Amino acid sequence: MIKLDRILGLILFTLAIAYGWGAFHFPVAFAGPESVGPSTFPKILSVIVATCSLYMMVKPDDLQEGFEWRALPELAITLTVLVLYVFLMEPIGFIVATALMVSILCWRMGVKPLPAMLTGVVASSFVFLLFHFGLALPLPIGPWEV
């Protein structure tokens, strides 16, 4: 019997390879090919996802599996939030869009609303500061952009 973990692993592995291949076609960074540029993080992410998906294919969980129809609404909500996140990042900015996305997803996973909001604000602010000041990679600021 083929386990669902192996199927998911194969799908994720295929997506990771396609994502990584696409990252190699990004424009070269301004400072040269050896510097951190727009393709650096997609390449790293594709390697991580490919490695994890290979592990899922080689060593799937031993748990009894089955498809639960009651999980579909939660999956639909998650997909909707992630799609909205992509479309809202430029108009409202990285910090606000990410804070909303993280807050909603934390809340849907059972965290109380106030801690979920605090997690969203702290996480989005930290990631923005890391990318903007630590790595000098610009992120959309939204309507406050000058």
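Here the structure is a predicted model, which means the values were calculated and not measured.

We now examine the packing of helix α4 (residues 94–108) against helix α5 (residues 113–134). At a minimum axis distance of 7 Å, the contact between α4 and α5 shows a crossing angle of 145 degrees. Crossing handedness for the pair α4 and α5: right-handed. Across from F94, I95, T98, A99, V102, S103, C106 and W107 in α4, the residues of α5 making contact are P113, A116, M117, T119, G120, V121, S124, S125, V127 and F128. A per-class count over the contact of α4 with α5 returns 12 nonpolar, 6 polar and no charged.

This structure, assessed with the given rule, holds 1 salt bridge. Between R108 and E74 there is a salt bridge; the shortest N-O distance is 2.3 Å. Taken together, the positions of R108 in helix α4 and E74 in helix α3 (residues 72–92) put the pair 34 residues apart, joining distant regions of the chain.

With that settled, consider the packing of aromatic side chains. The tally for this structure, following the rule as stated, stands at 1 aromatic pair. We note R108 situated over the ring of W107; from NZ or CZ to the ring centre the distance is 4.9 Å.

The subject of this paragraph is the UniProt feature "transmembrane region" (unreviewed entry) in the protein chain. UniProt feature "transmembrane region" (unreviewed entry): in the numbering of this structure it lies at residues 7–28, 94–111 and 118–141. Split by type, residues 94–111 is 83% helix and 0% strand. Its first and last C-alpha atoms lie 22 Å apart.

Here α3 contains 21 residues, and its C-alpha end-to-end distance of 29 Å stays within 8% of the 30 Å for a straight helix at 1.5 Å per residue. Those residues of α3 lying buried are V81, Y85 and M89. Considering only its buried residues, α3 is in contact with α4.

A separate point is a nonpolar patch on the surface. Together, I95, V96, L100, I104, W107, I141 and W144 give the surface a local cluster of nonpolar side chains, amounting to about 630 Å² of exposed area. For I95, a relative accessible area of 33% corresponds to the partly exposed category.

Conventions and cut-offs
Residues numbered from 1 in each chain as written. Predicted model: local features only at pLDDT ≥ 70, side-chain atom pairs only at ≥ 80, totals over all residues. Heavy atoms only, no water. Axes fitted to C-alpha atoms, helices over the stretch in contact; angles between N-to-C directions. Helix = DSSP H or I, 4+ residues; strand = E, 2+ residues; numbered from the N terminus. Left-handed = near helix turned anticlockwise from the far one by under 90°. Contact = heavy atoms within 4.5 Å. Nonpolar A, V, L, I, M, F, W, Y, C, P; charged D, E, K, R; others polar. Salt bridge = Lys/Arg side-chain N within 4 Å of Asp/Glu carboxyl O. Phe/Tyr/Trp six-rings, centres within 6.5 Å; stacked < 30°, edge-to-face > 60°. Lys NZ or Arg CZ within 6 Å of the ring centre and 35° of its normal. UniProt positions renumbered as here; feature names shortened; annotations may be inferred. Expected span 1.5 Å × (residues − 1). Buried < 20%, exposed > 50% of the residue type's maximum accessible area, 1.4 Å probe, protein only. Patch = residues over 30% accessible without salt bridge, like charges linked within 9 Å, V, L, I, M, F, W, Y side chains within 5 Å. Areas by Shrake-Rupley, 256 points an atom, 1.4 Å probe, with all protein chains shown as cover.

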